[in-house]
Amino acid sequence: MNWYTEQWSDDCKFSLRYNKELHSEQTPFQKIDFYEGEEFGTFFTLDGLMMVNEKDEFIYHDMITHPAFATNPDIKKVLVIGGGDGGTAREVLRYPNVEKVVMAEIDERVFRLCQEYLPVTAKGVEEDPRMELRFEDGLAYVKNAPDASFDLILVDSTDPISVGEGLFTTAFYKECFRVLNDKGILINQHESPYFAEYAENMKKAHRKIRDIFPITNVYQYHMPTYPSGHWLFGFASKAFDPLKDLKAAEWEKFGLETKYYNTDLHKGAFALPSYVKEALLSD
Ligand code: SAM
């Protein structure tokens, strides 16, 4: 039997049985491995960490995308940073009023391999005329982008190690603030509150964003294959409060079928456990 195993903390591991390894490759940026399994279907890892699988990807991609659109249903210009599997772009492109989506992904091989092995997330993304694919560092992309040029930035990144490190810096968040317009929203990968290393990353990211954006919130979602299963996104904005400004009826008019997200869950997702609130407020 073949087992993919990931270290979740010094004393805790997660293992998933797979039938066969579909592909393995070292790119200039990271090691990419694709596996075919039963419980979670096809999945891929970057540098030995689970990224996306066929079974629970809908949770991550619903939650990174729809809360922002239910808060501002008038979003037209979207920047996805990372997101090479295509799942985030796929969800954004479901909105008919979206005019332009730029995806700045550092590693083209992630996208090309997902087109081949993970069509559930990548299929159709490149063909959409509203889509602009940029295979470059997300930090470099935002540095060169004009002021106030996006309504929404979705940071669909790896953890703050290796190539993902720059996407958790004050310099990056400041550039995001600059390229967002007056109503802009930033959603970012906010790590996880449970295991110490991830909780430290969560606190650091939150402090930096809190110092830059006037409105900052954090919401949770449950990913069976990510460390501890309890994960967070940051919601930062220049104008919108995701609870006071929730436009549930307007969002429902889009008529999108979503397997995880709904506007009741939207309200609940921002209600955080006490230990998480405390950690986020600490200096
Ligand atoms: N859902 C996943 C998770 O949180 O485990 C993350 C998805 S994965 C598609 C994240 C993507 O971010 C990878 O394809 C990686 O190549 C990309 N990435 C990492 N650092 C980046 C950077 N500095 N600029 C652009 N893309 C980056």
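About the cut-offs
Per chain, residue numbering runs from 1 following the sequence as it is written. Local features in this predicted model are restricted to residues of pLDDT 70 or higher, and side-chain atom pairs are both shown and tallied only at a pLDDT of 80 or more, whereas totals for entire chains, interfaces and linings draw on every residue. The predictor rates its confidence in each residue with pLDDT, a number between 0 and 100. Throughout this description, a residue near a molecule or strand is one whose C-beta atom, derived from the backbone, lies within 6 Å of it. Numbering goes from the N terminus for both helices and strands, where a helix is a DSSP run of H or I of at least four residues and a strand is a run of E of at least two. Throughout this entry, Asp, Glu, Lys and Arg are counted as charged residues, while Ala, Val, Leu, Ile, Met, Phe, Trp, Tyr, Cys and Pro are counted as nonpolar. The remaining residues, Gly among them, count as polar. As annotated, the domain borders come from an automatic or database domain assignment.

**Describing the confidence of the model for the protein chain**
Piece 1. Per-residue confidence for the protein chain averages 97 on the pLDDT scale, and 100% of its residues sit at or above 70.
Piece 2. If you check the scores for this complex, the pTM reads 0.97 and the ipTM reads 0.97.

**Some remarks on the site of the ligand**
Piece 1. Neighbouring the ligand are 25 residues, the closest being Gly82, Gly84, Ile106, Val110 and Gly138.
Piece 2. Every element with two or more residues in the shell around the ligand is listed here: β5 (49–53), β6 (77–82) and α5 (138–144).
Piece 3. Residues that form the shell around the ligand fall into these classes: 11 nonpolar, nine polar and five charged.
Piece 4. Inspection of the shell around the ligand shows a minimum of three residues originating in each of domain 1 (2–53) and domain 2 (57–281).

**Focus: the domain arrangement of the protein chain**
Piece 1. Split by domain assignment, the protein chain resolves into domain 1 (2–53) and domain 2 (57–281).
Piece 2. Distance between the C-alpha centres of domain 1 and domain 2: 23 Å.
Piece 3. Of all the secondary structure elements, the ones that give two or more residues to the side of domain 1 that touches domain 2 are β1 (2–9), β2 (12–26), β3 (31–37), β4 (42–46) and β5.
Piece 4. Sorting elements by how many residues they give to the side of domain 1 that touches domain 2 places β5 first, with five residues.

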